[in-house]
Each structure stands twice: as C-alpha cells, then as structure tokens.
Amino acid sequence: MGPHANQRHRPSLAVIGTGIAGLSAAYLLKDKFQVTLFESQARAGMGAQNVDYVSNGITRRIDIPLRIFCHGYYDNLLALYKHIGVEILTSDHSGIFSDETGRVILHYGNFRKGTARFSYPKGSNWLSPTAWTIGLQSKRFFVRAKRDMGRIDLTELSFGEYLQQSGAGREFVGTVLLPMMSVTCTCDYQAVRDYPADLMLEYLTCGVHELGIMSAAKGVDDIVPRMLVDVALRTNSPIALIEPEGEQLRVVTKAGAARHFDQVVIASQAHQAAAMLPGFDDRRALLGRIPFERSSMSVHTDQEILPAPVKGLSPVSYHIPRDASRAEVSVDLTKAIARLSGQETIFQTWNPMRRIAPNRELARVDFTRPTVTRDSRKAVIALRESQSRPGNRLWLCGSYMAEKIPLLEAAVDSSVTVAEHLGAAIPWKADAPAAA
Ligand SMILES: Cc1cc2nc3c(=O)[nH]c(=O)nc-3n(C[C@H](O)[C@H](O)[C@H](O)COP(=O)(O)OP(=O)(O)OC[C@H]3O[C@@H](n4cnc5c(N)ncnc54)[C@H](O)[C@@H]3O)c2cc1C
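This is a predicted model, so every value here is computed, not measured.

Trainee: Please provide a residue-by-residue account of the site of the ligand, values included.
Mentor: Around the ligand lies a shell of 33 residues, among which E39, I68, Y74, I239 and S399 are the nearest. In the model, an oxygen atom of the ligand is placed 3.0 Å from a nitrogen or oxygen of the A21 main chain. Between the ligand and Y74, the relevant distance is 2.8 Å, taken from an oxygen atom to a side-chain nitrogen or oxygen of the residue. Contact with the protein chains covers 89% of the free accessible surface of the ligand, which is 1000 Å². Looking at the shell around the ligand, the elements that each hand over two or more residues are α1 (20-29), β19 (361-370) and α14 (408-421). Its residues placed into classes, the shell around the ligand shows 17 nonpolar, 13 polar and three charged.

Trainee: Go over the domain arrangement of the protein with me, naming the residues and quoting the values.
Mentor: Here the domain parsing of the protein yields domain 1 (10-44 + 228-290 + 371-421) and domain 2 (51-217 + 292-370). Taking the mean C-alpha position of each, domain 1 and domain 2 sit 30 Å from one another. Contact residues are listed per partner, giving 24 residues for domain 1 and 35 residues for domain 2. Both sides of the domain 1 and domain 2 interface together cover about 2600 Å² of buried area, and 59% of this is carbon and sulfur. When the buried surface of domain 1 facing domain 2 is broken down by residue, T371, R374 and I405 rank first, second and third, together holding 26% of it. Notably, a salt bridge pairs E161 with R374, separated by 3.4 Å at the nearest N-O pair. Inspection of the region where domain 1 meets domain 2 yields eleven residue pairs in polar contact (both at pLDDT 80 or more). Ranked by residue count, the leading element in the side of domain 1 that touches domain 2 is α14, at five residues. Here the residues of the side of domain 1 that touches domain 2 sort into eleven nonpolar, six polar and seven charged.

Trainee: Mind laying out the environment of V264, listing which residues take part and the relevant values?
Mentor: Turning to its location among the elements, V264 is positioned in strand β14 (residues 263-266). A C-alpha to C-alpha distance of 9.2 Å links V264 and Q248, two positions 16 residues apart in sequence. Non-local contacts of V264, meaning those with residues more than four positions away in its chain, are made with L13, A14, I16, I242, L249, V251, R393, L394 and W395.

Trainee: Account for the nonpolar core, with residues named and values stated.
Mentor: One finds Y81, F141, F159 and V265 to be the most contacted residues of the largest nonpolar core, which totals 105 residues. When residues of this core are assigned to their parent elements, the largest contribution, eight residues, is made by α1. Each of domain 1 (10-44 + 228-290 + 371-421) and domain 2 (51-217 + 292-370) accounts for three or more of the residues forming this core. If near-sequence neighbours (up to four positions away) are discounted, F141 is found in contact with F159, Y162, L163, A168, F172, L177, L201 and L204. Of all hydrophobic cores here, the second largest spans 26 residues; its members include V251, I266, F280 and M401.

Trainee: Let's hear about the side chain of S314: which residues, and what values?
Mentor: Checked against the element boundaries, S314 lands in the loop between β15 (292-300) and β16 (316-319). Overall, the relative accessible area of 3% leaves S314 in the buried class. Here S94 takes part through its side chain, which lies 3.3 Å from a polar atom of the side chain of S314. For S314, the contacting residues outside a window of four places in its chain are S94, G95, I96, H107, Y108, G109 and K122.

Trainee: Report on the sheet that holds strand β12 (residues 248-253), specifying residues and quantitative values.
Mentor: Here we have three strands laid out as an open sheet, ordered β11-β12-β13, and antiparallel in their pairing. Looking at the sheet topology across the chains shown, the edges are occupied by β11 (239-245) and β13 (258-261). Geometrically, the sheet is characterised by an average inter-axis angle of 25° between neighbouring strands, direction not taken into account. Bridging between β12 and β13 involves four bridges; their strand directions are antiparallel.

Trainee: Got a sec to walk through the pattern of salt bridges? Specific residues and values, please.
Mentor: Per the counting criterion, the structure on display carries 24 salt bridges. We note a salt bridge from R103 to D99, for which the minimum N-O separation is 3.1 Å. Residue class for R103 comes out partly exposed when judged on its relative accessible area of 49%. Through salt bridges with shared partners, a single ionic network connects D198, R377, R384 and E403.

Trainee: Explain the packing of α1 against helix α9 (residues 220-227) to me, using residue names and the numbers behind them.
Mentor: Across the interface, α1 lies against α9 with an axial gap of 9 Å and an inter-helix angle of 35°. Residues I20, L23, S24 and Y27 of α1 lie in contact with α9, whose contacting residues are V224, R226 and M227.

What counts, and at which threshold
- Residues numbered from 1 in each chain as written.
- Predicted model: local features only at pLDDT ≥ 70, side-chain atom pairs only at ≥ 80, totals over all residues.
- Heavy atoms only, no water.
- Near = heavy atom within 4 Å.
- Polar contact = N/O pair within 3.5 Å; in protein donor to acceptor, adjacent residues only side chain to side chain.
- Areas by Shrake-Rupley, 256 points an atom, 1.4 Å probe, with all protein chains shown as cover.
- Helix = DSSP H or I, 4+ residues; strand = E, 2+ residues; numbered from the N terminus.
- Nonpolar A, V, L, I, M, F, W, Y, C, P; charged D, E, K, R; others polar.
- Domains from an automatic or database assignment.
- Contact = heavy atoms within 4.5 Å.
- Buried area = accessible area lost by both parts, 1.4 Å probe.
- Salt bridge = Lys/Arg side-chain N within 4 Å of Asp/Glu carboxyl O.
- Core = buried A, V, L, I, M, F, W, Y, C linked by side-chain atoms within 4.5 Å.
- Buried < 20%, exposed > 50% of the residue type's maximum accessible area, 1.4 Å probe, protein only.
- Pairing = 2+ DSSP bridges.
- Axes fitted to C-alpha atoms, helices over the stretch in contact; angles between N-to-C directions.

Quick look at the structure:
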C-alpha cells in the first residue's frame, strides 16, 4: 500500500500564503492532512518577484530579495534545507560604508582561516583613524554583548536602551550597527532601536560574523518545488474571509468561491491575517499590535550608486546620509552569488534614495515586513496561547509568530510549532520516526 492510499480519509487543511512559512507548514503537514495551499499572487510567494537577467549571453534567475542566512541562528531553516536537499554556498557580504558625499568611512574585506572568518580594513582604510576607532568599538561591543547575553535580563530593555546603557561607541553604532541591522530587519533605525534587546543580541552574537554568510546555491526557484509535494496549489486565489461554520472553517476567496476545511493555517503577514478574520475579535486585536514597515528594492545595473571609484570594492555598499532614517544598501550580486559571477555587474539596492537610471532598472518591488517591539512580543505570546487551546482549528504562522527577528528562521520556527500542535513529526527532530 502506498504512503497516501488513505488520502481520502485524511482531514482537510487549508494553508493561506506561500512564503516560506506556508510552504514549510504545508510540507510538514502533508502526511497528516489533505493540504490545499492558497496564494494571492500568480506564483508561490517565495519566488513571486523573481526576474530573469540576461548578460554575456547567459540567462540567470535573480531572487528578489536575495535571502542570506548563517550557522548559529538558522537551525530550523538549515535542517529543512538539508532535509529537502537544497544546496548551500557561502556568500561574501563584506562591506563599504560611505556618507552622502561618497566619502568612504569604512571598507573591509573578509578572509577565511579553517572554519572561521576574519575581517580586515581594505585599501586606504588601513590608514583611517575613523576605521580603527570603529574596529575597536566593534570589538568592545561584541565582547560585552556576549557577556551580557548570559548575565542580565535583556527582555525588559529595548535595543536602543541597551546601546545607551552599555556605552556602545557612537561611530560604530551610527556607521555600522544601525545601517546593518536596518537592512537585516528592513526597517528604520528607530525600529531597530525599539526591538527587544535580547532578540537583537541573540542574532548579533550567534556567530554571523565569525562563521560567515550563506545562500541557497540555485536560488528560490530550486527551493519552492521541493516543498510543493503532495499538496494542491491554488495561485491567484486571495482569501478574503475565514469564518467558523459548524465543526469546520469556511474559507472564501475574494472572487467569492467558498470551501470548508477541518483546519486552517494562515501563513500571511499579521496585518494580512487580521483582514481575513472579521469575526475573530480577540485575535484581530492582537494581530493589530504587530507593527510593520514598508520598503522597496530595485534590481539594476546603474554603477552610479557605488561610492567614488575604489579598487577591489566589497560586495555590499552602505550609503549613509546624515539625518536619513535608514540606510540605502546595494549588493553587487555578481560578487555575492557564485552562480552570477560570469555576468555583468548587477545590483539589488534596498531603500533606493538616489535616482537609479530607468533604462538600467530591471525591477522595483515593494515589501512590507513585521518588526518586533516589547509590546508586539506580548501580543505574539497571547496569540500562541490562544491557539494552543484544545479544539483550536485556526492557526497562525509566519515570521512574526516566533520570538526572534522576523527572518527566514522565525518563519520556519513558527511552522514547526504549528505542525507539532497538529501532531506532525518533524523529520529533523530527534523523536521523529525514521524515514521508510
Ligand atoms: C527586502 C527583504 C530582504 C530580506 N532578506 C532576508 C535575508 O537575507 N535573510 C532572511 O532570513 N530573511 C530575509 N528577509 C525576511 C524574509 O524574507 C521573511 O522573514 C520571510 O519571507 C517571511 O516569510 P513568511 O512566509 O512569514 O511571509 P511572506 O513571505 O510575507 O509570505 C506571505 C504570503 O502570503 C501571501 N498572502 C498574503 N495575503 C494573502 C491572502 N489574503 N490570500 C492568499 N495569500 C496571501 C503573500 O502573497 C505571500 O506569498 C527579507 C525581507 C525583505 C522584505
């Protein structure tokens, strides 16, 4: 008898949203349920914005956005990728930081020794007192952060308060730390400061700097099909409403088509989930406490965004105008991503503040992204409690639902939690039954 011979007897489950949270939830739950995935866009969400880039006679698919990860923080993501056979490569994300005039403030590269990575000042930066000051302040910050992680209760402090109390160096914070975390969390500097201190420090001290950055070798288009196994995918199907009906939940698309399911997992962002739940007042109120920020990203070949010509530029360029509320950050994809290395230079610029020549732009995409505050964290804890009550049929997952920075790891962490509640074995956890 095949593994799915009892398919008709499995209860039905709708998963709404096909970002990595929805895809991984569907993948983990497919053996227990008959899964239908609903996605509002024309393609599964993780790869919905991707574009083709043709240069030097080569066509390559470009992920928008490029997603990177590292050891030490992304345990569930790395275990999932290993389980479904995603190939992973290291990726150089060393950077150059310049001000509004194009003056280079800091330029560093990375080198590898064994499994560890080290940073060193590049080019004329060897001689810059500011670069040495920043280097020293950075060292002090990380030593203290690692010590504080185990010793003091950071949950009651915002990251901004922590920076102040710990005496973190002004040049390091303004030039490096806030710009880096504003692009990592794709939000304003103020939102970075508002994060709970422990969440920021957990990420910053996980080894991301020592162990290096990685990305999926073949991009998202290789990842998505690996999770779309034994599930029905309905694209162009935005869900407008979810409401209880008898023992089931009624799921209604914007076009008015209705279907009933035994269980529903909403894997959209929090504000999108709230809009689908007019009849669930408590959960809607909690979801309304999850803040989010908007930003955009341009994929282009306009080299004008680089700082004044510097030899051997590092792949990531931070443009940090005084008084700006967030950085503008460009990644040279041909330097950061091995599979693009034979092509002409192409950039992803997050938060473009300067003009990008329209004839050099391949795509411009708008995103929303949750952030975390001490209050939103309490709302998430209450949401998690509400869905662990017996008889619950409506589940929320997504990067905002884990006690982490809303990155890929948080999204997979949240789908693992939901799958465990629904009785699925997590293949990479010790107590999971061995594969047949
Ligand atoms: C610019 C940028 C760069 C990033 N870089 C990184 C990185 O390098 N590393 C990293 O770890 N993370 C990165 N992230 C964060 C990461 O992309 C997110 O954490 C992750 O995509 C969240 O996944 P998710 O499944 O929770 O939500 P989403 O990816 O937002 O997926 C939600 C899905 O639900 C769908 N949906 C919404 N409403 C409905 C509806 N009504 N009906 C049906 N479908 C609906 C949406 O179309 C979407 O496909 C980045 C984010 C941004 C914006």
